[in-house]
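In case you want the letters, here they are:
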Amino acid sequence: MGRAIAAALAALAAVTGCTVQPADGDGKGRSPVHIELPDGTPSPARTPPGDGGPGTAPDPPGDDKPSAAPPAPARVLWSRGATGRDVRELQARLRQVAWLFEGPTGTYGEQTERAVSGFQGKRGLPRTGRMDTVTWQRLLRMTREPGRWDLYLMGGQPADPPDPRCRAGRVLCIDKTSRTLRWMIDGRTVSTVAVRFGSSGTPTREGVFSIYWKSRDHVSTLYDSPMPYAMFFSGGQAVHYSADFAARGYAGASHGCVNVRDEAAIAELYAQVRDGDKVVVSW
């Protein structure tokens, strides 16, 4: 009888590919068969991992610990409505990678918001239009530190203290260092505008001069270019409005004249300045 049972078990093992498992040494019964699954997949009949039972493989290190906390969300540095020097730097860097073509203005407006959103989307970042820490680090890696005239490419820079020769009378006080023109009366600054000068080949002359001729709709006979609101102070050199300066900023230069890019400002200045008013051009 026992031989018949053993033979039957052996036949079953041959058919199913299973092996009979004897009781473990502690006398406790275990699953009677170990099923060989493809690719060495362990049998589901094994004691579940981590129950502390004999013969159980230990859990992988750290598996019983909670998962790491998700990274903190990016902190917003600047967004629409922000102003200041940092916004100028952001705009100057966006210009370097051709995502912004205006300014820098120092004001985070619609154009800057749109440029930031485009920059983010191109690099798989959330398109918020707000400059956050993650976007800023990406932009820093792609650009160089802007210089002073990158930050003030289109004007807006503060004026340096006026030359002492400007402190008396009616004076157009022009400073090549800060690239500004102050209109001063008796030591008081009435208005200040950004200005541009001649190139190294055609420099703007320095010294003390006076306005000797005003020409509202002047056109240069030498260069055949418009010089609206021209106020001549030295030979053919004049203070006048420049559409090129308005469009290109300090990327260009004059032929020696003092260019103003703000047409409304120079129109007002032209109405106030008289023949004979002093002009001081200094470094």
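None of the values given here were measured: they were computed from a predicted structure.

Participant: What am I meant to see in the packing of aromatic side chains here?
Facilitator: Centre-to-centre distance and the angle between the planes together describe a pair of aromatic rings. This model, assessed by the stated rule, comprises 7 aromatic pairs. Ring centres of Y229 and Y270 lie 5.7 Å apart, and the angle between their planes is 70°; this geometry places the pair in the edge-to-face category. With Y229 in strand β8 (residues 226-234) and Y270 in helix α7 (residues 263-272), this residue pair connects regions lying 41 residues apart in the sequence. Just as Y229 is buried, Y270 falls in that class too. Here F245 and Y250 contribute two aromatic rings whose centre-to-centre distance is 5.2 Å and whose plane-to-plane angle is 55°, an arrangement assigned as tilted. Of the aromatic side chains, those joined through ring pairs into one cluster are W149, F245 and Y250. One Lys or Arg, K176, reaches over the ring of F197 and ends 6.0 Å from the middle of that ring. Its guanidinium or amino end placed over the ring of W149, R179 lies 4.1 Å from that ring's centre, counting from NZ or CZ.

Participant: Looking at this model, I keep getting lost on the nonpolar core. Mind explaining?
Facilitator: Across soluble globular proteins, you tend to see nonpolar side chains buried next to one another. L172, I174 and V239 are the most contacted members of the largest nonpolar core, which has 22 residues in total. Elements with a minimum of two residues in this core: β3 (170-175), β4 (180-185), β5 (188-196), β8, β9 (237-241), β10 (258-260), α7 and β11 (278-282). Dropping the residues within four chain positions of it, L172 is found in contact with L181, R182, W183, I211, V239, L269, V273, K278, V279 and V280. The next biggest cluster of nonpolar side chains, apart from the first, holds 13 residues, and it includes L90, F119, W136 and L139.

Participant: Quick question: what am I supposed to make of the environment of R138 here?
Facilitator: Positionally, R138 belongs in helix α4 (residues 133-142). As a C-alpha pair, R138 and R123 span 15 residues in sequence and 8.9 Å in three-dimensional space. Discounting chain neighbours no more than four positions away, the residues touching R138 are F119 and R123.

Participant: It is not clear to me how the pairing of β9 should be interpreted in this structure. Could you clarify?
Facilitator: Consecutive side chains of a regular strand alternate in pointing toward one face of the sheet and then the other. Taken across its 5 residues, β9 has 5 buried, putting it largely inside the fold. As defined by bridge partners, β8 adjoins β9 across 3 bridges and the pair is classed as antiparallel. Within β9, the residue paired with F232 across the bridge is A238. Relative to β10, β9 runs parallel, the two being bridged by 3 bridges. Among the inter-strand pairings, H240 is bridged to a residue of β10, identified as N259. Since β9 and β10 lie parallel, the crossover through helix α6 (residues 243-248) that links them has a hand, and here it is right-handed.

Participant: I keep staring at α7 and nothing clicks. Help me out?
Facilitator: At 3.6 residues per turn, the α-helix brings residues three or four places apart onto the same side. For α7, the set of buried residues is I266, L269 and Y270. Taken down its axis, α7 places every buried residue within 100° of arc, on the same side. Relative to its buried face, α7 has exposed residues pointing more than 90 degrees away, namely A264, E268 and A271. Summarising the contacts, the buried residues of α7 are in contact with β3, β4, β7 (213-219), β8, β9 and β10. In this structure D262 caps α7, since a side-chain oxygen of it lies 3.2 Å from the backbone nitrogen of A264.

Participant: When you look at the side chain of Q237 in this model, what are you seeing that I'm missing?
Facilitator: The residue Q237 is located in strand β9 in this model. For Q237, the side chain forms a polar contact with the main-chain nitrogen of R205, separated by 3.1 Å. For Q237, the contacting residues outside a window of four places in its chain are P203, T204, R205, F232, G256 and C257.

Participant: Is there a simple way to think about the packing of helix α2 (residues 85-96) against α4 in this case?
Facilitator: A packed helix pair is summarised by two numbers, namely the angle formed by the two axes and the spacing between the axes. Running from amino to carboxyl end, α2 crosses α4 at an angle of 55°, the nearest separation of the two axes being 10 Å. Relative to α4, the element α2 is oriented oblique. In this structure, the crossing between α2 and α4 has a hand that is left-handed. Contact residues: α2 offers E89, L90, R93 and L94, while α4 offers W136, L139 and L140. Within the contact of α2 with α4, the residues separate by chemical class into 5 nonpolar, no polar and 2 charged.

Participant: Just checking my understanding: could you explain the pattern of salt bridges for this structure?
Facilitator: Any two side chains of opposite charge can pair, on the condition that their charged atoms come close. In this structure the tally under the stated criterion is 12 salt bridges. With a shortest N-O distance of 2.6 Å, R114 and E110 are connected by a salt bridge. Separated by 4 residues within a single helix, R114 and E110 lie in helix α3 (residues 110-122), roughly one turn from each other. Each of R85, E89, R93 and E145 takes part in one network of salt bridges that share partners.

The rules behind these values
- The numbering scheme is per chain: residues are counted from 1 as the chain's sequence reads.
- Totals for whole chains, interfaces and linings use all residues, but because this is a predicted model, local features are given only for residues with pLDDT of at least 70 and pairs of side-chain atoms are given and counted only at 80 or more.
- Where side-chain values are given, they derive from all heavy atoms of the structure, hydrogens and water being excluded.
- In this scheme Phe, Tyr and Trp rings, the latter by its six-membered ring, pair at centre separations within 6.5 Å, and the angle between planes marks the pair as stacked below 30 degrees, edge-to-face above 60, and tilted otherwise.
- Per the convention used, a helix needs a DSSP run of H or I reaching at least four residues, while a strand needs a run of E reaching at least two, with both numbered from the N terminus.
- Burial classes: relative accessible area under 20% of the type maximum marks a residue as buried, over 50% as exposed, and values in between as partly exposed (1.4 Å probe, protein chains only).
- Either the NZ atom of lysine or the CZ atom of arginine qualifies as a charge over a ring when it sits within 6 Å of the ring centre and within 35 degrees of the ring normal.
- Working definition of a nonpolar core: buried Ala, Val, Leu, Ile, Met, Phe, Trp, Tyr and Cys residues. They are joined through side-chain atoms within 4.5 Å.
- Only heavy atoms enter the contact rule, under which two residues are in contact if any of them lie within 4.5 Å.
- When DSSP finds two or more bridges between a pair of strands, those strands are recorded as paired.
- If you view a crossover with the strands going away from you and the path from the first strand over the helix to the second runs clockwise, you call it right-handed.
- In this context, the arc is that of the directions from the helix axis out to the C-beta atoms.
- Contacts described as polar in this section are N or O atom pairs within 3.5 Å, which, within protein, must combine one atom able to donate a hydrogen with one able to accept it, while residues neighboring in sequence count only if both atoms come from side chains.
- Throughout, an axis means a line fitted to C-alpha atoms (over the contacting stretch in the case of helices), and angles, computed between N-to-C directions, take values from 0 to 180 degrees.
- Oblique is the label for every angle not falling under 35 degrees (roughly parallel), over 145 degrees (roughly antiparallel), or within 65 to 115 degrees (roughly perpendicular).
- For any helix crossing, the convention is left-handed if the near helix is rotated counterclockwise from the far helix by under a right angle, and right-handed if that rotation is clockwise.
- In this classification, Asp, Glu, Lys and Arg are treated as charged, Ala, Val, Leu, Ile, Met, Phe, Trp, Tyr, Cys and Pro as nonpolar, and every other residue, Gly included, as polar.
- When a carboxyl oxygen of Asp or Glu lies within 4 Å of a side-chain nitrogen of Lys or Arg, that pair is called a salt bridge.

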